[in-house]
Amino acid sequence: MTGKILIVDDELDILELLEMIIAERTPYLVVTTNNPLEVPHLLKENPFDLLITDLRMPGLSGMDLIREAKTIYPDMPVIVITAYGSSQSAEESIAEGAYDYITKPFRKDHIIITINRAMEWHAMKKELETLKARIKTE
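Residues numbered from 1 in each chain as written. Predicted model: local features only at pLDDT ≥ 70, side-chain atom pairs only at ≥ 80, totals over all residues. Heavy atoms only, no water.

Trainee: Can you tell me about the overall build of the protein, naming the residues and giving the values?
Mentor: Scanning the protein from N- to C-terminus turns up 5 helices and 5 strands. In the protein, the succession of helices and strands from N to C terminus is β-α-β-α-β-α-β-α-β-α. What you see for the protein is a C-alpha radius of gyration of 15 Å, in line with the 14 Å of a compact globule of 138 residues. For the protein, the spread of C-alpha atoms along the three principal axes comes to 50 × 30 × 30 Å. In the protein, buried positions account for 43% of the 138 residues. Of all intrachain contacts in the protein linking residues separated by at least 6 positions in sequence, the fraction that spans at least 24 positions is 66%. Just so you have it, the protein exposes about 7,600 Å², and 53% of that area is on carbon and sulfur atoms. A gap of 6 Å separates the mean positions of the 15 positive and 23 negative side-chain charges of the protein. (Helix = DSSP H or I, 4+ residues; strand = E, 2+ residues; numbered from the N terminus. Rg over C-alpha atoms; globule rule 2.2 N^0.38 Å. Buried < 20%, exposed > 50% of the residue type's maximum accessible area, 1.4 Å probe, protein only. Contact = heavy atoms within 4.5 Å. Areas by Shrake-Rupley, 256 points an atom, 1.4 Å probe, with all protein chains shown as cover. Lys, Arg positive; Asp, Glu negative; His and termini not counted. Charge placed at Lys NZ, Arg CZ, Asp CG, Glu CD.)

Laid out in structure tokens, this is it:
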């Protein structure tokens, strides 16, 4: 399975770590940015299968990015990663449409399992939409 992941975090070391983990352990392509203000433009210019976002960033928060991403790609899963985890922010993120919520520090296995599940879910959603369209034309 191939797929494309956009990761946004204002911490460069987290971006590099996530990119390295994903490159080593998955077949997915990764695009990173430490500027959340670039994310709407990147999403409009390129189709992505998954967005991974930090929660607290200058300019646009992870919550803002969930809303923006869901406007552009309603079915694209969004994973929130945060160092400031709380049950309230987890509930708010999921209510806004996040697929999952992970707190830092995270384990490599946890992030890979979550990414694979999100990518599989997205692939199944796309396949379902294709089958529905095919049924309508028959």
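Read on, since the account is not over.
Trainee: I'd like to hear about the sheet that holds strand 5 (residues 100-103), residue by residue, with values.
Mentor: Across the sheet, which stays open at both edges, the 5 strands sit in the order 2-1-3-4-5 with parallel pairing between neighbours. The sheet is open, and its two borders are formed by strand 2 (29-33) and strand 5, each paired with just one other strand. Within this sheet the neighbouring strands show an average axis-to-axis angle of 20 degrees, counted without direction. Note: strand 4 (residues 78-82) against strand 5, 4 bridges, orientation parallel. Residue pairing across strands places I81 opposite I102, the latter belonging to strand 5. Where helix 1 (residues 12-25) meets the sheet, it contacts strand 1 (4-8), strand 2, strand 3 (50-54) and strand 4, and its direction lies at approximately 160 degrees from that of strand 1. Against the sheet, helix 5 (residues 108-137) makes contact with strand 1, strand 3, strand 4 and strand 5, and its axis sits at roughly 170 degrees relative to strand 5, the strand it touches most. (Pairing = 2+ DSSP bridges. Axes fitted to C-alpha atoms, helices over the stretch in contact; angles between N-to-C directions.)

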